[in-house]
Amino acid sequence: MWTTDDLWGSGLSAAERDQLRLDVGRPAWELQNDEGGGLILALLLRPWLRHNPSAASQSARCWLVWTGTHWTPDVWRCHLDLARELAAVWDAYADEVRRTSGDDAADAVAKWADKCRQVSRLEAALKIASALPALRVTSADFDGPDCDYHLSCASGVIDVRTGDLHPHDPCRRMSLRSAPASYEPNADWHGTRGAEHVERVTCGDVELAAYLQRLAGAALWGVQREHVFALWHGPRGGNGKG
């Protein structure tokens, strides 16, 4: 028997399965129309996409895509590419109908599946999906207090207060750019190019080097705790001010 778990995996909760039925009284894949398409897309796209209608006037920037490390405006139009999977939903349903109800009923479903490969049908389904709670967000939903003191990097999310590394989690809703480097908790700073550079530009001033390290660390907090304005100055270029 073909089920929603074949599409979204066993991680789909009972509440999310119920969303597929909503007020229509039957599974969304039985609705061969744009409403059914919108209901399916809302759950099909939920792991990777959100829609923020207040983000910008351009439709691409209203969609946010999960990169694996953070949320970012969908300038690549991934939402339209992922929406192409909608036709596969009805293709699978057509196969099930063919086994249970015969060719005539299955052909009708397959015909609708072909229509869903048209851009106009995909965009109509996306328009409905974007207004549903599963995908609808506002700018205030991102980078909230739970993101304070947390820095996203290539290997996870660092709690800068403790140094603990946590897995990336789209539910945290971090939308700021992720640092491209990986975090190595046990890395030794001494003897690295960075340490050598700081020693050179501070002329071996250990106290100044320690201050610069604290200042750089404070910049990672994500909150305003220290009222400090750092002004870099020097007699000429090439000494680390940039």
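Anything mentioned here points back to the structure above.
Predicted model only: the values in this text are computed from it and were never measured.

**Student:** Can you break down the sheet that holds strand 3 (residues 71-73) residue by residue, with the values?
**Tutor:** Read across the open sheet, the 3 strands follow the order 1-2-3; overall the sheet is antiparallel. What marks the edges here is a single partner per strand, and that holds for strand 1 (49-51) and strand 3. Sheet twist, expressed as the average angle between the axes of neighbouring strands with direction ignored, equals 30°. Taken together, the 3 bridges between strand 2 (residues 63-66) and strand 3 define a ladder with antiparallel strand orientation. Residue pairing for strand 3: valine 65 is matched across the bridge by threonine 72.

**Student:** Describe helix 3 (residues 34-44), and please don't skip the residues or the numbers.
**Tutor:** Burial analysis of helix 3 places 9 of its 11 residues in the buried class, the great majority of the element. Among the residues of helix 3, those classed as buried are Gly36, Gly37, Gly38, Leu39, Ile40, Leu41, Ala42, Leu43 and Leu44. Between the side-chain oxygen of the N-cap and the backbone nitrogen of glutamate 35 there are 3.2 Å, and the N-cap of helix 3 in question is asparagine 33.

**Student:** Residues and numbers for the environment of arginine 172, please.
**Tutor:** With respect to the helices and strands, the residue arginine 172 is situated in the loop between strand 6 (165-166) and helix 9 (193-201). According to the relative accessible area criterion, arginine 172 is buried, its value standing at 18%. Those residues in contact with arginine 172, other than ones at most four positions away along the chain, are Asp146, Cys147, His150, Val157 and His166.

**Student:** Explain the sheet that holds strand 6 to me, and be specific about the residues and the numbers.
**Tutor:** Hydrogen bonds between backbone atoms are what pair the strands of a sheet, whose relative direction is either parallel or antiparallel. Spatial ordering of the open sheet is given by 4-5-6, a layout of 3 strands whose pairing is antiparallel. Two strands lie at the open edges of the sheet, namely strand 4 (150-153) and strand 6, each paired on one side alone. Of the pairings in the sheet, the one linking strand 4 to strand 5 (residues 156-159) comprises 4 bridges and is antiparallel in character. Each bridged residue has a counterpart across the sheet, and for cysteine 153 the counterpart in strand 5 is glycine 156.

**Student:** A description of unusual backbone geometry should follow, citing residues and the corresponding values.
**Tutor:** Here aspartate 143, not a glycine, exhibits a phi torsion of approximately 55°, which is positive. If you trace the backbone, aspartate 143 turns up in the loop between helix 8 (119-130) and strand 4. Positive phi, normally seen in glycine, also occurs at tyrosine 149, with a value near 65°. Note that tyrosine 149 resides in the loop between helix 8 and strand 4.

Cut-off values and rules
Residues numbered from 1 in each chain as written. Predicted model: local features only at pLDDT ≥ 70, side-chain atom pairs only at ≥ 80, totals over all residues. Heavy atoms only, no water. Pairing = 2+ DSSP bridges. Helix = DSSP H or I, 4+ residues; strand = E, 2+ residues; numbered from the N terminus. Axes fitted to C-alpha atoms, helices over the stretch in contact; angles between N-to-C directions. Buried < 20%, exposed > 50% of the residue type's maximum accessible area, 1.4 Å probe, protein only. Polar contact = N/O pair within 3.5 Å; in protein donor to acceptor, adjacent residues only side chain to side chain. Contact = heavy atoms within 4.5 Å.

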